[in-house]
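The chain contents come next:
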Amino acid sequence: ALLLSCPAMIWIKWLLSVLGGLGVFLFGMRTLSDAIRRVSATSFREFLSSITQSTWVGTVTGMFVTGFLQSSSAVTVTLVSLVNGGLLTIRESVGVLLGANIGTTITAWLIVLNVGGFALSDMALPIAGLAVPMLLLERRKPRQIGNILIGFALLFIGLSLLRSQMDSVGTSEVIKSIFPEGTGGFGYNVMFLFIGTALTFLIQSSSAAIALTLSVLEPGLIGIESALAMVLGENIGTTLTANLAAVMGNRAAKRVSRIHLLINVFGVIWMIGLVPTMANILDNVFASVQDEGARNAYSLAMFH
């Protein structure tokens, strides 16, 4: 007990607790994504390879598939492998990449609904309880549905654990030691952009990175401009997974992964200077939301 009371051990305990909550969130996302792919009548790869050559239909397909799977990385990595195998052309893949970028924003809205009063985390344990009998059945379909429910429940249990750690005593001091203080401005926003990129690259999940960003934004541990800049960086960081997957691929696979990177980089370049303006606009849009933390969370999800 004496050992755990020293400042260094308190900091380590807090950090490990945050990593634990993040781990539960990531595990839930992976369980949900894998379960949905297994329950499909056709395989995920066959579905993506059978999409039409229309860029618009590919975009809509990418959007809904990513929103359903809750993982843009799963979609983009599969896309790279399909192009590498000659099952899709580069042109056909671009629409799906654009759609995946839109579909991945659904996760932020699910989290924000939780912040804004529709407490999905309160339903997490009952959903998990509903899944347990299904997991005990011998039939494959009920077990797969049970896995989907368990994955969904773990998402919000992990989010709840993250939020509880951000509300704990001494958290503001820890956050200030991780995120440097500043007065704002373009240079400060660029710094948080790089922090968001590095964070997403380390945990290999933009959804988890956004959940972490929302967790520190809601209690006011970082400002709204810093959070918006971090989201921009997280959009770049999520492309690194596909680029790593394409390292051993052919020329076409490398091109697809680079297109994915360029789409997000160009989006960041034209938006980073507009972060203060967007923060003010979105604050006015959600002015009717009385709670500042919830208002900032809605603004972040809308910006994304």
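Scope of this entry: the structure provided in the associated data block. (Residues numbered from 1 in each chain as written. Predicted model: local features only at pLDDT ≥ 70, side-chain atom pairs only at ≥ 80, totals over all residues. Heavy atoms only, no water.)

A look at helix 5 (residues 90–103)
- Spanning 14 residues, helix 5 covers 20 Å between terminal C-alpha atoms, matching the ideal 20 Å at 1.5 Å per step.
- All buried positions along helix 5 are accounted for by Glu-92, Ser-93, Gly-95, Val-96, Leu-97, Gly-99, Ala-100, Asn-101 and Gly-103. (Helix = DSSP H or I, 4+ residues; strand = E, 2+ residues; numbered from the N terminus. Expected span 1.5 Å × (residues − 1). Buried < 20%, exposed > 50% of the residue type's maximum accessible area, 1.4 Å probe, protein only.)

Section: the packing of aromatic side chains
- The full count for this structure, using the stated rule, is three aromatic pairs.
- With centroids separated by 6.4 Å and ring planes inclined at 40 degrees, the aromatic side chains of Trp-109 and Tyr-298 adopt a geometry described as tilted. Taken together, the residues Trp-109 in helix 6 (residues 106–115) and Tyr-298 in helix 16 (residues 292–303) connect sequence positions 189 residues apart.
- Take Trp-109: its relative accessible area is 30%, and that puts it in the partly exposed class.
- Of the residues examined, Tyr-298 reaches a relative accessible area of 16% and is grouped as buried.
- Aromatic pair Tyr-188 and Phe-192: ring centres 5.0 Å apart, planes at 65 degrees, arrangement edge-to-face. Placement of both Tyr-188 and Phe-192 in helix 10 (residues 186–203) is noted, with a separation of four residues, approximately one turn of the helix.
- Under the relative-accessibility criterion, Tyr-188 is labelled buried at 16%.
- Grouping aromatic residues by their ring pairs yields a cluster made of Trp-109, Phe-286 and Tyr-298. (Phe/Tyr/Trp six-rings, centres within 6.5 Å; stacked < 30°, edge-to-face > 60°.)

Notes on the side chain of Ser-299
- Checked against the element boundaries, Ser-299 lands in helix 16.
- Overall, the relative accessible area of 3% leaves Ser-299 in the buried class.
- Apart from residues no more than four positions distant in its own chain, Ser-299 is found in contact with Ile-224, Leu-228, Leu-282, Asp-283 and Phe-286. (Contact = heavy atoms within 4.5 Å.)

Description of the packing of helix 5 against helix 14 (residues 251–271)
- Interaxial distance between helix 5 and helix 14 falls to 10 Å at its minimum, and their mutual angle equals 35 degrees. Where helix 5 crosses over helix 14, the handedness of that crossing is right-handed. Taken together, the residues of helix 14 that come into contact with helix 5 (itself represented by Ile-90, Ser-93, Val-94, Leu-97, Leu-98 and Asn-101) are Ala-252, Arg-255, Val-256, Ile-259, His-260, Ile-263 and Asn-264.
- Its residues placed into classes, the contact of helix 5 with helix 14 shows eight nonpolar, four polar and one charged. (Axes fitted to C-alpha atoms, helices over the stretch in contact; angles between N-to-C directions. Left-handed = near helix turned anticlockwise from the far one by under 90°. Nonpolar A, V, L, I, M, F, W, Y, C, P; charged D, E, K, R; others polar.)

Observations regarding the layout of surface pockets
- Estimated volume of the largest pocket: approximately 360 Å³.
- Every residue lining the largest pocket is counted, 18 residues in all, and those nearest its centre are Asn-101, Asn-235, Asn-264, Gly-267 and His-304.
- Looking at the lining of the largest pocket, the elements that each hand over two or more residues are helix 5, helix 12 (224–237) and helix 14.
- Considering every element that reaches the lining of the largest pocket, the biggest residue donor is helix 14, with seven residues.
- Per-class residue counts for the lining of the largest pocket are nine nonpolar, nine polar and no charged. (1 Å grid on protein atoms, 1.4 Å probe; cavity = no way out; pocket = protein on both sides within 12 Å on 5 of 7 lines; lining within 4 Å. Points joined across faces, edges and corners; volume = space filled by probe spheres on them.)

Some words on the pattern of salt bridges
- The full count for this structure, using the stated rule, is one salt bridge.
- Two residues, Arg-295 and Asp-283, come together in a salt bridge whose shortest N-O distance is 3.0 Å. Linking Arg-295 in helix 16 with Asp-283 in helix 15 (residues 275–285), this pair joins segments that are twelve residues apart in sequence.
- Overall, the relative accessible area of 15% leaves Arg-295 in the buried class. (Salt bridge = Lys/Arg side-chain N within 4 Å of Asp/Glu carboxyl O.)

What about the nonpolar core?
- Counting residues in hydrophobic clusters, the biggest one holds 50 residues, and the most contacted among them are Leu-214, Leu-232, Leu-300 and Phe-303.
- The dominant element in this core, judged by the number of residues it contributes, is helix 11 (residues 206–217), at eight residues.
- In this structure, Val-65, Val-80, Val-96 and Leu-97 belong to the second largest nonpolar core, which totals 14 residues. (Core = buried A, V, L, I, M, F, W, Y, C linked by side-chain atoms within 4.5 Å.)

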